Amino acid sequence: MMDVHGYANYFERMGPLLVLWLAVCLSGTWAVDRGNFKTCDQSAFCKRQRALKPGQSPYRALLETLELTNTKLTLQLINDNNKVRLLLELYRLQGNMTRVKINELKPLKPRFEVPDVLINDPPTEPLSLLSQDENGVVLSLGADSQRLIVSAKPFRLDIMEGREVLLSLNSRGLLAFEHLRIRKDTQVDPEGTEKKEETDAANEPAGGEEEETVKEDEKVEDGMWEETFKSHKDSKPNGPSSISLDFSLPGVENVYGIPEHADSLKLKTTDGGDPYRLFNLDVFQYEVFNPMALYGAIPVMLSHSAQRTMGIFWLNAAETWVDISSNTAGKTVFGQMLDYVQGSSETPQTDVRWISESGIIDVFIMLGPTPTDVFSQYASLTGTQAFPPLSSLAYHQCRWNYNDQEDVAAVDQGFDEHDIPYDFIWLDIEHTDGKRYFTWDPHKFPQPKDMLQGLVDKRRKMVTIVDPHIKVDSNYKIHNEIRSKGFYVKNKDGGDYEGWCWPGNSGYPDFTNPEMRAWWASMFAYDQYEGSMENMYTWNDMNEPSVFNGPEVTMHKDALHGKWENRDLHNLYGLYVQRATAEGLIERSGGVERPFVLTRAFFAGSQRYGAVWTGDNAAEWDHLKISIPMCLSLGLVGVSFCGADVGGFFKSPSTELLVRWYQTGAYQPFFRAHAHLDTPRREPWLFGPENTALIREAVRQRYALLPYWYQLFYHAHHTGQPVMRPLWVEYPQDTATFSMDDQFLLGKDLLVHPVTEEGARGVTAYLPGKGEVWFDVHTFQKHNGAQNLYIPVTMSSIPVFQRGGSIIPRKARVRRSSSCMEHDPYTLFVALSPKRFAQGELYIDDGHTFNFDKQKQFIHRRLSFANNALSSRNLAPGSQFTTPSWIEKIVILGASKPSKVTLKTPDGKESLLEFEFDASMSVLTLRKPGVNAGVDWTVVLQ
């Protein structure tokens, strides 16, 4: 929520020197100042690593050191240039994955290995040695003739299936491991000398190897032992420690993932420009189509071709840069046609290079082979999307800031007066007492429980912001307790690290400390967080962490989290903040209630703790468009609960843009409107009756679809499959879908093509699937698959299609909130395929507790249409749950007119159903089946 106006408004009272600092650092109104953020050339380790060009690797495998056990293979590598040895560990993991770890054989001190991201120690399967000679070893990976080949000189790994190379490591010779060393121009203490001797001993040759010792004449380059960016000095007490490894993907032209970047879904090559950067930063009003780092970092990349999908998970929490090159990039259309006509001998290939500032190489290679397999493989490592409360999938209303309790009541009443449903209203930082989190402004919010009770009475909820920067104030309980317990992050000299953020001078709790996280969680108890109630949830912002006067608006890398530098674990901070907050919301309910926590910063595994959003976007058409690939990218790497600020955070949207954004947001997983402090108010009814009606309709469409959304999140929680997904996930061999990111699928059965062009009078949607049919959900018109379809649009149009062969449950009675609709009846939309077959599901539970998991209290039913009969059957015979909801209506698309329709129930009763048939659209509507949604039943068409 940061921009120069916001800073100036807040800090103008804080003194002329600070205002001058802000003017210098944050120059440039309403736009990112690129000068505040490093390029690769300005990041010393990235510049050093990128200066290494592909060629023969200096590393070779010392085959005589090979050891093979039931769980892993270990092997030493030696760098022939400096004689430093590394330890390679190879694991074959269950589920068709391979893990590769590379560390110094015996470093001067331990190197950071990422904790808490993997949900368990991944189970292994035995590796078997197929052959070995002086050139390398061949290992069996089990399934489908998969083999792992270790070449000795130079060191290289190849994973093969039959004769096909799936993936190669270090094939371009870009493995580079900066070993820890003692600085030559400083006095070495005795302990350091002892460690040096230990390291030399570790690098002594194994039996049979010629005498080799570490060479200490390596060139010292700028930035290896200290680095300056603008006025900020990074002390680098451990010296250079960066790592790099290249991966080659033969036959691959399409790679995706590594969020968060405001860029296209298909990742671009980085030759001639900066690599993609993964380093959690507070970047206000970011630019689109830019590889700059943003708020979150998930070091997972997917590769996809018509033959195979694979994934690379680079488990490293330090600043990371990712280079992508391709042998087909840059070819003209004519050149590609020539290849096609003449027959190109060149196999397409994508090469990816990962560069991290510290830590070890720990990489998981997910071998697919299908997209679904890769999602399952990644979920087995880092967990699945948290199953959110049903209400959190509804509409959220937010701005920075609703002024006071009266303002909240007026906005709440405005939704009722204009018949627009909503579930959550949000309060930003101004609701607190002087930016002291866990407090309320005593003048503007004197009776928070009365305010919350007013929402409870309407079955609505609230979210308040709790940021992880704590005002340094001896009269503030939260600060005093954190300081007395020693829970703040420390500076390099051992004192509490302090920096500027919204409250002014702030401390930063060390969320990497489990004791700190437990204490933080305890602060959400109702007797600790005064004024809080069961219907109040939490938003963690600024948790990159944001430090206004820090380098790149974040924490100094030499700040200390226990014994580790921020340099080692920076990208984990946001995950830990969200985790501690989610655990607090669970604890306050005695472990009964599911939490809802929104975070801005995230890492691999953050999906286990709640939702994310795409940060401080702008009210521009390009930002509306980019919200689609940004959320698609997150879904591919486990984070399904994603959304963008509807309307754009900065600037003021035109009425047309605002309406189109509501129509798009209604079909994205997290649906929240949000706006900057300095923007005019934009509640949905402020733009005239006609536009209010358009926004109302978009929001109502969201509410009608909540049963389907909830079912998709239930599956995401159980399987790791994304809720919002690119078309190629469901049509993996259709090359036309590989670069598409202006339309998407919800589950596999709804296709959405938002209108994201100003003044658009039509869009061209691609309907995939040869032999399939798609039905317009508004007109019920049927269209064939495998075609580009031009769709004329008006301001009321939201092009959405239901796949033939699917059954989608909806609720037609839209009320003021999702909770008010809990026991309402269902309407089933059955879209028949050319084979006159359809399937779907219905999932129901209480919508907010963990009882679905702990006590198996849920309903999960299979809906099937075949042989002119529609039936509902139990998918979870061991579950226990009842619902008063019933089936109110059934709409069958692509139907023929029956002579009669009969309903059969488990008690053996049969009854005739009323029906209507629209011959012009082939739509059959069955009225009032009246059967309970949780029992077996069959409807027979005759």
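Every value quoted in this text rests on a predicted model; they were computed, and no experiment measured them.

Rules of the game
Residues numbered from 1 in each chain as written. Predicted model: local features only at pLDDT ≥ 70, side-chain atom pairs only at ≥ 80, totals over all residues. Heavy atoms only, no water. Helix = DSSP H or I, 4+ residues; strand = E, 2+ residues; numbered from the N terminus. Buried < 20%, exposed > 50% of the residue type's maximum accessible area, 1.4 Å probe, protein only. Contact = heavy atoms within 4.5 Å. Areas by Shrake-Rupley, 256 points an atom, 1.4 Å probe, with all protein chains shown as cover. Lys, Arg positive; Asp, Glu negative; His and termini not counted. Charge placed at Lys NZ, Arg CZ, Asp CG, Glu CD. Polar contact = N/O pair within 3.5 Å; in protein donor to acceptor, adjacent residues only side chain to side chain. Axes fitted to C-alpha atoms, helices over the stretch in contact; angles between N-to-C directions. Parallel < 35°, antiparallel > 145°, perpendicular 65-115°, else oblique. Nonpolar A, V, L, I, M, F, W, Y, C, P; charged D, E, K, R; others polar. Core = buried A, V, L, I, M, F, W, Y, C linked by side-chain atoms within 4.5 Å. Phe/Tyr/Trp six-rings, centres within 6.5 Å; stacked < 30°, edge-to-face > 60°. Lys NZ or Arg CZ within 6 Å of the ring centre and 35° of its normal. Disulfide = S-S within 2.5 Å. Pairing = 2+ DSSP bridges. Salt bridge = Lys/Arg side-chain N within 4 Å of Asp/Glu carboxyl O. pLDDT = per-residue confidence, 0-100.

Caption draft 1: Representation of the overall build of the protein chain. Helix and strand counts for the protein chain stand at 18 helices and 53 strands. In terms of its C-alpha atoms, the protein chain occupies a principal-axis envelope of roughly 90 × 70 × 55 Å. Sorting the 942 residues of the protein chain into buried and exposed places 62% on the buried side. Expressed as a percentage of contacts within the protein chain between residues at least 6 apart in sequence, the contacts between residues at least 24 apart total 72%. Split by element, the accessible area of the protein chain, about 34,000 Å² in all, is 49% carbon and sulfur. Separation between the mean location of the 96 positive side-chain charges and that of the 121 negative ones in the protein chain comes to 5 Å.

Caption draft 2: Examining helix 10 (residues 514-522) more closely. Among all positions in helix 10, only Met516, Arg517, Trp519, Trp520 and Ala521 are buried. Elements that come into contact with the buried residues of helix 10 comprise strand 25 (470-471), helix 9 (477-485) and helix 12 (573-588). If you check the start of helix 10, you find a side-chain oxygen 2.8 Å away from the backbone N of Glu515, and it comes from Asn513.

Caption draft 3: Examining the packing of helix 14 (residues 655-665) against helix 15 (residues 689-704) more closely. Put simply, helix 14 and helix 15 touch, their axes get as near as 8 Å, and they point 10° apart. Here helix 14 is positioned roughly parallel relative to helix 15, judged by the angle of their axes. Contacts between helix 14 and helix 15 pair Thr655, Leu658, Val659, Tyr662, Gln663 and Gly665 from the former with Asn691, Leu694, Ile695, Ala698, Val699 and Arg702 from the latter. Of the residues that constitute the contact of helix 14 with helix 15, the class distribution is 7 nonpolar, 4 polar and 1 charged.

Caption draft 4: Examining the nonpolar core more closely. In terms of nonpolar packing, the biggest core is built from 173 residues, with Phe313, Trp520, Tyr662 and Leu746 touching the most fellow members. If one sorts the elements of this core by residue count, helix 13 (residues 621-636) sits on top with 9 residues. When neighbours within four sequence positions are excluded, Leu746 is seen to be in contact with Tyr667, Tyr708, Trp709, Leu712, Val723, Met724 and Val752. Grouped together as the second largest cluster of nonpolar side chains are 50 residues, Leu75, Leu166, Tyr276 and Trp354 included.

Caption draft 5: Unusual backbone geometry, seen in detail. The omega torsion of the bond from Gly368 to Pro369 falls at 15°, within 30 degrees of zero and hence cis. As for its position among the elements, Pro369 is in the loop between strand 21 (361-366) and helix 6 (371-382). Of note, the amide linkage connecting Glu544 to Pro545 takes the cis form, showing an omega dihedral of 5°. With respect to the secondary-structure elements, Pro545 resides in the loop between strand 28 (536-540) and strand 29 (560-561). If you check the backbone angles, Asp116 has positive phi at about 70° while not being a glycine. Following the sequence through the fold, Asp116 ends up in the loop between strand 4 (97-104) and strand 5 (124-125).

Caption draft 6: The arrangement of the packing of aromatic side chains in detail. All told, the structure shown has 45 aromatic pairs when counted by the stated rule. Ring geometry for Tyr714 against Tyr843: centres 3.9 Å apart, planes inclined by 20°, an arrangement best described as stacked. Residue Tyr714 is found in helix 16 (residues 706-719), and its partner Tyr843 is found in strand 45 (residues 838-844); the two are separated by 129 residues along the sequence. Of the two residues, Tyr714 and Tyr843, neither departs from the other in class, the shared state being buried. Ring-pair connections join several aromatic residues into one group, and the members of that group are Phe424, Trp426, Tyr537, Trp539, Phe596, Trp613, Phe641, Phe670 and Phe713. A cation sits over an aromatic face here: Arg672 above Trp539, 4.7 Å from the ring centre. One Lys or Arg, Arg672, reaches over the ring of Trp613 and ends 5.0 Å from the middle of that ring.

Caption draft 7: Highlighting the state of the cysteines. Evaluated as defined, the whole model comprises 2 disulfides. Note that Cys40 is cross-linked by a disulfide to Cys46, the S-S spacing being 2.0 Å. Between Cys40 and Cys46 the disulfide shows an S-S torsion of about -95°. By sign, it is left-handed. You can call Cys40 buried: its relative accessible area is 1%. Note that Cys631 is cross-linked by a disulfide to Cys642, the S-S spacing being 2.1 Å. Handedness of the Cys631-Cys642 disulfide follows from its S-S torsion of about -75°: it is left-handed. Here the residue Cys631 occupies a position in helix 13, and Cys642 occupies one in strand 33 (residues 642-643), the gap between them amounting to 11 residues. The class of Cys631 is buried, set by a relative accessible area of 3%.

Caption draft 8: Representation of the sheet that holds strand 28. Spatially, 33-32-31-28-24-23-22-34 is the arrangement adopted by the 8 strands of the open sheet, whose pairing is parallel. Single-partner strands in this sheet number two, and they are strand 33 and strand 34 (671-673). In this structure, strand 32 (residues 611-613) lies alongside strand 33, joined through 2 bridges in parallel fashion. Bridge pairing links Val612 to Cys642 in strand 33. With respect to the sheet, helix 8 (residues 448-457) is in contact with strand 23 (424-427), strand 24 (461-465) and strand 28, its orientation differing from that of strand 24 by roughly 140°.

Caption draft 9: Quick look at the pattern of salt bridges. Enumeration according to the criterion identifies 61 salt bridges in this entry. Put simply, Glu544 and Arg600 hold a salt bridge, and the shortest N to O gap is 2.7 Å. Here Arg600 lies in the loop between strand 31 (597-599) and strand 32 and Glu544 lies in the loop between strand 28 and strand 29, a separation of 56 residues in the sequence. With respect to burial, Glu544 and Arg600 carry one shared label: buried. In this structure, the salt-bridge partner of Lys651 is Glu620, at a minimum N-O distance of 2.5 Å. Taken together, the residues span a long stretch of sequence, with Lys651 in the loop between strand 33 and helix 14 and Glu620 in the loop between strand 32 and helix 13 at a distance of 31 residues. Looking at Lys651, the relative accessible area reads 29%, which means it is partly exposed.

Caption draft 10: Structural context of the pairing of strand 20 (residues 349-356). The buried fraction of strand 20 is high, at 7 of 8 residues. Here strand 14 (residues 243-250) runs beside strand 20; their pairing, made up of 8 bridges, is antiparallel. Residue pairing in the sheet places Leu249 in a bridge with Thr350 of strand 20. One ladder, built from 7 bridges, connects strand 19 (residues 320-326) with strand 20; its direction is antiparallel. Residue pairing for strand 20: Asp323 is matched across the bridge by Arg353.

Caption draft 11: Looking closely at the side chain of Arg608. With respect to the helices, strands and loops of the structure, Arg608 is situated in the loop between strand 31 and strand 32. Lacking a salt bridge, the buried Arg608 has Asp116 as its closest oppositely charged neighbour, with an N-O distance of 6.9 Å. From its side chain, Arg608 meets the backbone oxygen of Asp116 in a polar contact 2.9 Å long. A distance of 2.6 Å separates the side chain of Arg608 from the backbone oxygen of Thr382, its partner in a polar contact.

Caption draft 12: Expanded view of the environment of Pro446. With respect to the helices, strands and loops of the structure, Pro446 is situated in the loop between strand 23 and helix 8. Assessed through its relative accessible area of 44%, Pro446 is described here as partly exposed. C-alpha separation for the pair Pro446 and Gln132, spaced 314 residues apart in sequence, amounts to 76 Å. Residues contacting Pro446, with those up to four places away along its chain left out, are Gln405 and Asp441.

Caption draft 13: Molecular detail of the pairing of strand 48 (residues 887-893). Where burial is concerned, most of strand 48 is hidden: 6 out of the 7 residues are buried. One ladder, built from 6 bridges, connects strand 44 (residues 826-831) with strand 48; its direction is parallel. Each bridged residue has a counterpart across the sheet, and for Val830 the counterpart in strand 48 is Ile892. As defined by bridge partners, strand 48 adjoins strand 52 (residues 923-927) across 5 bridges and the pair is classed as antiparallel. Considered in strand 52, the bridge of Ile892 is made with Leu924.

Caption draft 14: Up close: the environment of Leu105. Following the sequence through the fold, Leu105 ends up in the loop between strand 4 and strand 5. Overall, the relative accessible area of 25% leaves Leu105 in the partly exposed class. Measuring from C-alpha to C-alpha, the distance between Leu105 and Arg567 comes to 22 Å, with 462 residues separating the pair along the chain.

Caption draft 15: Region of the structure containing the confidence of the model for the protein chain. In the predicted model, the protein chain carries a mean pLDDT of 93, and the fraction of residues at 70 or more is 91%. In this model residues 187-211 is a low-confidence stretch, pLDDT under 50, and it forms 34 contacts with partners more than four residues away in sequence or in other chains. This stretch, residues 331-342, has a pLDDT under 50; its non-local contacts, to residues over four places away or in other chains, come to 6 contacts.

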